Each structure stands twice: as structure tokens, then as C-alpha cells.
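Descriptive analysis of the structure
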Amino acid sequence: MFELRRLRLLHELLLRGTIAEVATALAYSPSTVSQQLALLEREAGVALLEPDGRRVRLTAHGRLLAAHAARALELDEAVRAELSGLQSEAGPVKIAVMPTAAEALLPPALTLLARRLPGLRVEAVEMAPEEGLFELRARGFDLVVAEQYPGHSRELHDGMDRVVLGGDPIRLALPPGDGARSLADLRDRAWVLEPEGAAVRQWAVQQCRAAGFEPDVRYEATDLIAHARLVAAGHAVAMLPDLVWTGDRSTVRLLDLPGTPVREIFAATRSSSRDAAAIAAVLAALTEALRAHRPR
């Protein structure tokens with residue numbers, strides 16, 4: 001009989017690639033991970049790992065058992081979710097939230113949950129969508145709040161479900177005294193965008209090109225609050241979603257973009273845990289928080 005904890009280590013190694021990364025993710029020492037995988041090899045009766053330079057890699061038997069391990073972990077989680085359906089406050093629920101949602105959605109969602117399920121423990125970490133979705137597959141989180149921009153869908157994975165929480169309009173943000181009337185009027189302005197390689201950067205550049213110009217990107221930042229502050233100070237223009245504005249947005253001038261684009265805010269969970277009552281309660285609270293978000 002295989003031990004589930006060791007099967008998870010093998011599954012983690014398949015996802016993360018090195019014993020050191022598995023150890024860091026699960027708060028084990030590398031030697032402990034190696035010892036447990038060696039025990040798993042004895043249980044399997046075949047070699048699961050083989051040398052790969054200074055590292056190890058999975059053998060064909062290792063990859064086969066790792067695939068079965070994923071299914072065993074899903075079944076274990078599904079059983080636990082079904083049992084917890086009888087206890088609405090079973091937890092904790094661990095969530096990863098992208099930065100704008102952490103500021104705009106997490107506080108009101110937690111307020112709703114504290115009123116409805118005061119005994120439910122929610123643990124949240126602010127994390128970029130790409131990293132959060134990877135960690136969801138690795139069972140580091142139960143739920144991830146992420147986004148995708150028009151025409152830039154995020155990769156889909158077996159065993160993961162998505163629930164659309166709602167839409168988040170994207171607008172042009174200009175300094176208060178800027179008299180531009182459209183995107184085409186901003187060809188000579190300095191821009192602040194996310195770094196090269198980000199899907200939103202590619203999307204924003206495409207909007208500018210469709211308007212007939214290449215943006216003069218002088219500033220790069222992953223933090224959208226930094227974008228808003230550069231715009232408010234008169235140093236740049238930007239394309240910003242409404243979730244950036246958790247309060248007063250009168251410090252900038254907003255214009256609609258052509259086609260009034262909206263980014264999709266979604267929550268991702270593992271299919272095996274979708275029936276857990278606590279996760280359903282968190283999803284409901286996040287949906288209501290987005291619906292109620294109305295920046296002044």
C-alpha cells in the first residue's frame with residue numbers, strides 16, 4: 001500500500017523539477033524528501049528516479065506513478081470536500097489573490113465571511129496569477145483569484161475549474177489636466193506599462209498599435225498602484241482596470257478605450273474540492289465583493 005504523503009512528494013517533484021524546490025514548497029529538508037522518495041521506491045519495487053547531472057529526474061515508472069499519485073490526491077481531496085459539505089465552517093481555506101483583488105476584493109469579502117461564518121478561517125497571500133495558478137495545481141492553495149485580458153486566455157489544466165467572478169472595465173488614465181480625447185491623442189505621451197513579457201503589456205501595446213502608434217514606454221512596474229500614482233503626478237498615461245480604484249479616483253482623468261474592453265476576473269479551484277462548502281462560501285463572498293465594487 002502506498003502512503004499518500006510520499007505520493008504527494010513524487011507529484012510535487014513532477015511539477016517543480018527538483019528536490020530542493022519540493023523541500024522549500026512543503027517546508028521539509030531536502031534530505032527528508034530524498035529519504036521519503038527512497039522509501040516510495042521500495043514500496044513500488046521499481047526505480048522511480050535516476051541521476052540527471054547533479055539532480056534527479058523521474059524514470060518512466062516514476063512518471064507513471066506520479067500520474068496515479070495525482071489521481072489519488074484528487075480522490076482524497078474529493079472525499080474530504082464531500083465530508084466537509086456537512087460542515088459549512090470546515091477550513092482553513094487557503095487562497096492566493098492577485099494584487100488588485102487583494103486590495104479591492106479581499107477586505108469586503110472577509111467582512112462578509114466574518115458575518116456569515118464567523119468560525120471559518122481564511123488564509124490569504126497576495127500573489128501574481130501565474131504563480132498562484134501553478135501553486136493551486138501543486139496544492140499549495142485551495143482557491144486562486146486571477147484575471148485574463150481580452151484575447152489573452154490563461155492556460156487551462158485538467159483537474160482545475162474556473163468560476164467567473166465578474167468583469168473589470170479597463171480605461172485610459174490621464175493626468176487631471178490632460179486634454180486628450182481619445183487613445184489616438186496619446187501618441188506623444190510617456191507611458192507606464194507592466195514589464196515586457198506580461199500578457200497585459202502585450203495587450204496594451206496592441207491597443208496602441210491599433211490606434212496607429214507605438215507607445216513611448218518610459219516606466220515599467222508590476223504594481224498598478226505605482227501606475228496610478230505616476231499618472232496622478234503628471235508623469236505618464238496608462239491603461240488601468242477599475243479595481244485599482246479602491247476609493248477616490250478623482251486624482252486622474254479617465255477615458256473609455258475603443259470597444260470598452262473588460263478584463264475577466266475569475267477564481268480557480270481544483271475540481272476535486274469544488275464541492276467543499278467552505279470554498280463555495282469564499283467564492284460567493286468574492287463574487288459579491290466584485291459586484292459591489294464602485295469606485296467614486
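The structure displayed is predicted, hence computed values, not measured ones.

In this section: helix α10 (residues 277–292). Compared with an ideal rise of 1.5 Å per residue, which puts 16 residues at 22 Å, α10 spans 23 Å between its outermost C-alpha atoms and is within 8% of the ideal. Here α10 has its buried residues at Ala278, Ile279, Ala281, Val282, Leu283, Ala285, Leu286, Thr287, Ala289 and Leu290. Among the structural elements, β3 (93–97), α6 (106–116), β4 (122–126), β5 (143–148), β6 (160–174) and β11 (262–270) are those in contact with the buried residues of α10.

What follows covers the pattern of salt bridges. In the structure shown here, the tally under the stated rule is 21 salt bridges. Each member of the salt-bridge network shares a partner with another, and the members are Glu3, Arg5, Arg6 and Glu43.

Attention shifts here to the environment of Gly151. Along the chain, the position of Gly151 falls in the loop between β5 and β6. With 70 residues separating them in the primary sequence, Gly151 and Ala81 have C-alpha atoms 34 Å apart.

Moving on, we come to the environment of Val231. Tracing the chain through its elements places Val231 in helix α9 (residues 224–232). On the accessibility criterion, Val231 (0% relative accessible area) is buried. Here the alpha-carbon distance between Val231 and Arg253, two residues 22 residues apart in the chain, equals 9.0 Å.

In this section: the packing of aromatic side chains. Counted by the stated rule, this structure contains 2 aromatic pairs. Residues Tyr149 and Trp203 carry aromatic rings whose centres are separated by 5.5 Å and whose planes lie at 45° to one another, so their mutual orientation is tilted. Residue Tyr149 is found in the loop between β5 and β6, and its partner Trp203 is found in helix α8 (residues 199–210); the two are separated by 54 residues along the sequence. With a relative accessible area of 6%, Tyr149 lands in the buried category. A residue is classified by how much of its surface remains accessible, and Trp203, at 4% relative accessible area, is buried. For the cation-ring pair, Arg162 lies above Phe266, with the distance from its terminal atom to the ring centre recorded as 4.5 Å.

So, about the pairing of β6. The side chains of a regular strand alternate, first on one face of the sheet and then on the other. Here 9 bridges tie β6 to β11, and the two strands are oriented antiparallel to one another. For Met160, the partnering residue across the bridge sits in β11 and is Arg270. With 4 bridges joining them, β6 and strand β9 (residues 238–241) adopt antiparallel strand pairing. When the sheet's bridge partners are listed, Arg171 is paired in β9 with Leu240. Summarising the sheet, β6 and strand β10 (residues 253–256) pair through 4 bridges and their orientation is antiparallel. Within β10, the position partnered with Leu172 by the bridge is Leu255.

A few words on the packing of α6 against α10. α10 packs onto α6 with a crossing angle of 130° between their chain directions and a minimal axis gap of 8 Å. As the angle between them shows, α6 and α10 are arranged oblique. The hand of the α6/α10 crossing is right-handed. Of α10, the residues touching α6 (which contributes Pro108, Ala109, Leu112, Leu113 and Arg116) are Ala281, Val282, Ala285, Leu286, Glu288 and Ala289. Split into classes, the residues belonging to the contact of α6 with α10 amount to 9 nonpolar, no polar and 2 charged.

This part takes up unusual backbone geometry. Note: most residues except glycine have negative phi, and most peptide bonds are trans. Of note in the backbone geometry, Ala27 takes a positive phi value of approximately 60° without being a glycine. Within the fold, Ala27 resides in the loop between α2 (19–26) and α3 (30–44). Phi angles above zero are rare outside glycine, and Arg139 is one such case at about 70°. Tracing the chain through its elements places Arg139 in the loop between α7 (129–137) and β5. On the basis of relative accessible area, Arg139 is assigned to the buried category, the value being 16%.

Conventions and cut-offs
Residues numbered from 1 in each chain as written. Predicted model: local features only at pLDDT ≥ 70, side-chain atom pairs only at ≥ 80, totals over all residues. Heavy atoms only, no water. Helix = DSSP H or I, 4+ residues; strand = E, 2+ residues; numbered from the N terminus. Expected span 1.5 Å × (residues − 1). Buried < 20%, exposed > 50% of the residue type's maximum accessible area, 1.4 Å probe, protein only. Contact = heavy atoms within 4.5 Å. Salt bridge = Lys/Arg side-chain N within 4 Å of Asp/Glu carboxyl O. Phe/Tyr/Trp six-rings, centres within 6.5 Å; stacked < 30°, edge-to-face > 60°. Lys NZ or Arg CZ within 6 Å of the ring centre and 35° of its normal. Pairing = 2+ DSSP bridges. Axes fitted to C-alpha atoms, helices over the stretch in contact; angles between N-to-C directions. Parallel < 35°, antiparallel > 145°, perpendicular 65-115°, else oblique. Left-handed = near helix turned anticlockwise from the far one by under 90°. Nonpolar A, V, L, I, M, F, W, Y, C, P; charged D, E, K, R; others polar.

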